[in-house]
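For reference, the chains in residue letters:
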Amino acid sequence: MASGTALIYDEEMTSHKLLWNDPICDIEVPERLSSSYEQLERYHLVERCVRVPAREASEEEILLVHSSEHLEVAKSTQAMNEEELKSVSGNYDAFFFHPSTYRCAKLAVGASLQLVDSVMSGKVCNGMALVRPPGHHSQRNAANGFCLFNNVAIAAKYAKRKYGLQRILIVDWDVHHGQGTQYIFEEDPSILYFSWHRYEHQEFWPSLKESDYDSIGLGRGKGRNINLPWNKVGMGNSDYLAAFFHVLLPVAFEFDPELVLVSSGYDSGIGDPEGQMDATPDVFAHLTHFLMQLANGKLCVILEGGYHLKSLAESVCMTVKTLLGDPVPQITGEMAPCLSAIESIQNVRAAHKPYWKCLMYEDASFLQNLSTKLQLLEKATTNPSAEHESKITSKDEVVKVEKFLEVHMKNILFPVPPIKTAATIESKASAHLLPLSVRGVKEMDKNEVKALVSAFYGDLVKQDETLLSLGSMLAVLDKILMKQACNGIAESPAASVSAAVALRHSVRFGFQRVLCIFVGDMEIIPNTEDGRILVIHVCEKQKSEKTNSKHYISLNWKEGAEGNDFFSAVFGFILPVAYSYQANLTIIAVGPNRSLGTNGISLLFGSLRGLAESRILAVIENTDINLMPTVAKALAGDSTPDFGVYAPPSQEKVHTIKLLRDQFQQEWKMLQCSGKSSLYLYYSYTYIFEMIKYS
Ligand code: X5A
Ligand code: ZN
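How each quantity is defined
Sequence order sets the numbering: in each chain, residues are counted from 1 along the sequence as written. The naming scheme follows written order: chains are lettered A onward, ligands numbered 1 onward. Where local features are concerned, this predicted model is filtered to residues with pLDDT of at least 70; where side-chain atom pairs are given and counted, the filter is 80 or more; whole-chain, interface and lining totals use all residues. Side-chain numbers come from the whole structure's heavy atoms, not from hydrogens or water. Helix and strand assignments follow DSSP, with helices taken as H or I runs no shorter than four residues and strands as E runs no shorter than two, numbered in order from the N terminus. Contacts between residues were defined by any pair of non-hydrogen atoms, one from each residue, lying within 4.5 Å. To measure how exposed things are, a 1.4 Å probe is used in the Shrake-Rupley method; for residues, cover is taken only from the protein chains shown. Excluding water, the donors of a metal are its N, O and S neighbours within 2.8 Å, or within 3.2 Å for Na, K and Ca, and that exclusion means sites may look incomplete. Burial status follows relative accessibility: with a 1.4 Å probe on protein chains alone, a residue under 20% of its type maximum counts as buried, one over 50% as exposed, and anything between as partly exposed. Under this scheme, a helix contributes an axis fitted over its contacting stretch, all axes are lines through C-alpha atoms, and angles between N-to-C directions fall in the 0 to 180 degree range. Angles are sorted into four bins: roughly parallel if under 35 degrees, roughly antiparallel if over 145, roughly perpendicular if 65 to 115, and oblique for all others. For any pair of crossing helices, the crossing counts as left-handed if the nearer helix is rotated counterclockwise from the farther one by less than a right angle, and right-handed if it is rotated clockwise. Note: two strands are recorded as paired if DSSP finds a minimum of 2 bridges between them. Here, proximity means that at least one heavy atom of the residue falls within 4 Å of the molecule or strand. Polar contacts here mean pairs of N or O atoms no more than 3.5 Å apart (in protein, one a potential hydrogen donor and the other a potential acceptor; neighbouring residues in sequence count only if both atoms are side-chain atoms). Under the grouping applied here, Gly and all other residues not named as nonpolar or charged are polar, the nonpolar ones being Ala, Val, Leu, Ile, Met, Phe, Trp, Tyr, Cys and Pro and the charged ones Asp, Glu, Lys and Arg. Take the residue count of a helix, subtract one, and multiply by 1.5 Å to get its expected span. Each residue carries a pLDDT score, the predictor's own confidence in it, on a scale running from 0 to 100.

**Q** Describe the overall build of the chain, with residues and values.
**A** Of regular secondary structure, the chain possesses 21 helices and 16 strands. The contacts in the chain between residues at least 6 apart in sequence include a share of 77% that link residues at least 24 apart. Total accessible area on the chain is roughly 25500 Å²; 51% of this is exposed by carbon and sulfur atoms.

**Q** An account of the coordination of the zinc ion (ligand 2) is requested, with residue identities and associated values reported.
**A** Note on metal geometry: ideal angles are 109.5 degrees for four donors arranged tetrahedrally and 90 or 180 degrees for six donors arranged octahedrally. Ligation of the zinc ion (ligand 2) by protein atoms is provided by Asp 174 (OD), Asp 174 (OD), His 176 (ND1) and Asp 267 (OD), these donors lying 2.0 to 2.6 Å from the ion. Coordination of the zinc ion (ligand 2) draws on donor residues from a single chain, spaced D-x1-H-x90-D in sequence. In this pair, His 176 is assigned in the loop between strand 4 (168-172) and helix 7 (179-185) and Asp 267 in the loop between strand 7 (259-264) and helix 9 (281-291), connecting sequence segments 91 residues apart. Like His 176, the residue Asp 267 is buried in the burial classification.

**Q** Give me the environment of Ser 469: which residues, what numbers.
**A** Position of Ser 469 among the secondary structure elements: in helix 15 (residues 464-481). Under the relative-accessibility criterion, Ser 469 is labelled buried at 8%. Linking Ser 469 and Ala 490, residues 21 residues apart in sequence, is a C-alpha distance of 7.9 Å. The contact partners of Ser 469, leaving out residues within four places of it in the chain, are Glu 491, Ser 492, Pro 493 and Ser 498.

**Q** I'd like to hear about the packing of helix 8 (residues 237-255) against helix 9, residue by residue, with values.
**A** Following both chains from N to C, one finds helix 8 and helix 9 inclined at 15°, their axes separated by 10 Å at the closest point. The orientation of helix 8 with respect to helix 9, classified from their angle, is roughly parallel. As for how helix 8 packs across helix 9, the hand of that crossing is right-handed. Of the residues in helix 9, those in contact with Asn 237, Tyr 240, Leu 241, Phe 244, Phe 245, Leu 248 and Leu 249 of helix 8 are Asp 282, Val 283, His 286, Leu 287, Phe 290 and Leu 291.

**Q** Break down the environment of Cys 358 for me, citing the residues and quoting the values.
**A** Relative to the helices and strands, Cys 358 is located in the loop between helix 11 (339-352) and helix 12 (365-381). Given the relative accessible area of 8%, Cys 358 is considered buried. With 296 residues separating them along the chain, Cys 358 and Val 654 place their C-alpha atoms 6.5 Å apart. Ignoring anything within four residues of it in the chain, the contact list for Cys 358 reads Pro 250, Val 251, Glu 254, Pro 649 and Val 654.

**Q** Just give me the short version of the sheet that holds strand 5 (residues 191-198), but keep the residues and values in it.
**A** The strands making up a sheet associate through backbone hydrogen bonding, with each pair oriented either parallel or antiparallel. With parallel pairing, the eight strands of this open sheet are ordered in space as 2-1-3-8-7-4-5-6. Each of the sheet's edge strands pairs with one partner strand only, and the pair in question is strand 2 (50-51) and strand 6 (225-230). Pairing analysis gives two bridges linking strand 1 (residues 5-9) to strand 2, with the strands arranged parallel. In the strand pairing of strand 2, Ala 6 is matched with Val 50.

**Q** Give a detailed account of the site of ligand 1, specifying residues and quantitative values.
**A** Taken together, 14 residues sit near ligand 1, with His 137, Gly 145, His 176, Asp 267 and Tyr 307 positioned nearest. A distance of 3.2 Å separates an oxygen atom of ligand 1 from a polar atom in the side chain of His 176. Tyr 307 places a polar side-chain atom, nitrogen or oxygen, 2.6 Å from an oxygen atom of ligand 1. Protein contact buries 96% of the 310 Å² of open area that ligand 1 shows by itself. Within the shell around ligand 1, the residues separate by chemical class into six nonpolar, five polar and three charged.

**Q** Break down the side chain of Ser 36 for me, citing the residues and quoting the values.
**A** With respect to the secondary-structure elements, Ser 36 resides in helix 1 (residues 31-42). A relative accessible area of 0% places Ser 36 in the buried class. Those residues within four positions of Ser 36 in sequence are excluded, and the remaining contacts are Glu 31, Leu 312, Ala 313 and Val 316.

**Q** Pulling in residues and values, what's your account of helix 15?
**A** In an α-helix, one turn spans 3.6 residues; hence positions three or four apart end up facing the same way. Spanning 18 residues, helix 15 covers 25 Å between terminal C-alpha atoms, matching the ideal 26 Å at 1.5 Å per step. Burial of helix 15 is extensive: 13 of the 18 residues sit out of reach of the surface. Phi for Lys 483, located one or two positions after helix 15, is positive at around 60°.

**Q** Residue-level account of the packing of helix 8 against helix 17 (residues 567-581), with values.
**A** The N-to-C vectors of helix 8 and helix 17 enclose an angle of 160°; their axes lie 9 Å apart at closest approach. Considered as vectors, helix 8 and helix 17 are oriented roughly antiparallel to each other. In terms of crossing hand, the pair formed by helix 8 and helix 17 is right-handed. Contacts between helix 8 and helix 17 pair Leu 241, Phe 245, His 246, Leu 249, Pro 250, Phe 253 and Glu 254 from the former with Phe 567, Phe 571, Gly 572, Leu 575, Pro 576 and Tyr 579 from the latter.

**Q** Give me the lowdown on unusual backbone geometry, citing residues and values where you can.
**A** Following Arg 132, the chain continues to Pro 133 via a peptide bond in cis, the omega torsion being -10°. Locating Pro 133 in the fold gives a position in the loop between strand 3 (126-130) and helix 6 (151-163). Backbone torsion omega between Trp 205 and Pro 206 reads 5°, so that peptide bond is classified as cis. Of note, Pro 206 is situated in the loop between strand 5 and strand 6. Located in the positive-phi region is Gln 582, a residue other than glycine, with phi close to 55°. Tracing the sequence through the fold places Gln 582 in the loop between helix 17 and strand 15 (585-590).

**Q** Any chance you could break down the confidence of the model for the chain for me, citing the residues and the numbers?
**A** On average, the chain scores 90 in pLDDT, and the residues at 70 or more come to 89%. Low confidence marks residues 365-369, where pLDDT is under 50. Its contacts with residues over four positions away, or in another chain, come to eight contacts. For the stretch residues 379-392, pLDDT sits under 50, and the model shows 15 contacts to residues farther than four places along the chain or on other chains.

Shown next as structure tokens:
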């Protein structure tokens, strides 16, 4: 199994620069590359990566996407003087040539191909290429938006050709629409292209009709082009995460790509003068982490835009740190997508409904109409630029964000615990099954355990065996609480007793919010009334009398026979709830009669590593000891995950998720992805209000 992260950077790509005055192009500076690289060095991330050299792409490789005319024009600029360069540049929308541009662009493509080769050959598991000029606006026959050759598109065609791939996912999280990439793959069903972008109802560059949510691909490529337009600036962490949960991830898992490429622009991050969005660098750790769950971890991240140097550099670092398998920082702040984001998400979901099982079977058409109508009304009655007046172009604003980031990064970055996974493995039968990342810890003294549990679950733990296992579990949990271990595994003769004790212990330790996902039969249901514990109980059929409440939710799910369909519940429900709750610790317990297979369980562990600074305690019923290596591997996170074959969810499953979402979206706001209640209320008020105003 592949491991390791490739990093590709060649200083030569800083030689491409603007030689004359041009207020549109002057943000695409060489320092974008060098300062990002220097920050990677400062965080000691460079030394942890596998260095891969860039190379020049061949003409043949460039011609995989571009016309020979385009190639010849690019080639001819090498020998031009400034005046000539300026004149050719003028033929394109937002592009500048320098005598070294052709050479740099060949290196940018070549670096991307080197990255694909490193990942596809198994030399590394994933990686990032820092390149200039960027690529996603570039088209078959034209440079555009700072891009000469479409690095990512060429990488995708190259991967298809050289490795015979049939399904590649391109995620474009740059704040601009990669219209170049869309045009290139519009009719190609083997490439799923996802792009979110600042749009503002077509006001924002490149102001194209075809950047809207209803451009879904053409011919055989229908359903394989996903545009998520942002109609307001100021989109933040929750909006991006909601877009992943409710649009990209379910569709991507259903697509089941063999390779994932990221058009990785960081102009969607806070402080960027182009994007004017609010997402902090840590959100890119989460986005990266989610994409690492696809394609057995084969992930190539290729730089596109990003024009606030500090924001760009920090976001690049968060991405590389996550690729390396480090724990993911906790997202701070209120977790709720804004109305405009929900509206966009709802529109894309509706547009793609015919093409994806995970989106089918949902009915929101009457709201759809209402929403569209009111959107027009809103457009007509409000000044769209009113809220976005304060352009972050002034030096003051740039400095303000720099200062914010200085403090913010200190707050969110934490030392990686010395132990990755803790377990008490001495004398345990399962010891030889566990991977090397697992470190044994000494169990807690029996009397100490007795004292600890006597106050509450005392009567339940009379048996010596239970007491012993609790001793082990608490020792592991303490390692996590003391930040000596990132996560841990404990086996138990009674998983629900262990989970209940672990929950109590963590709350007593001072944790404000502990999330427990319990899979299988659960004998004891902990008291969740004070909100410090949230239980999601995954079982085939609800056996207990307990009814659902904000902090106790029964998710009735039996994994399909055809393969792993649990992803639709993970993204459609569990993660949105978990992110809304903002747990500081996650306990995942597997009791008897689990209704999920090993693949579903690995996915659960893999995905929940994104929360609570990746602090997870796993409690496994000791009759299920064969699960231990799987769980340990998923917790390690730096090895290639394998979640088996994905099966799209059945109609019944989609319905289960929808019902739960409708039931809980007021409490857990990250569940919101359609008008149902929130938009409806909002619009009825707005509508009535506007009607009064105009009558
Ligand atoms: C790669 C990228 C932006 C071009 C903006 C032109 N291009 N106004 O971010
Ligand atoms: Zn961009």
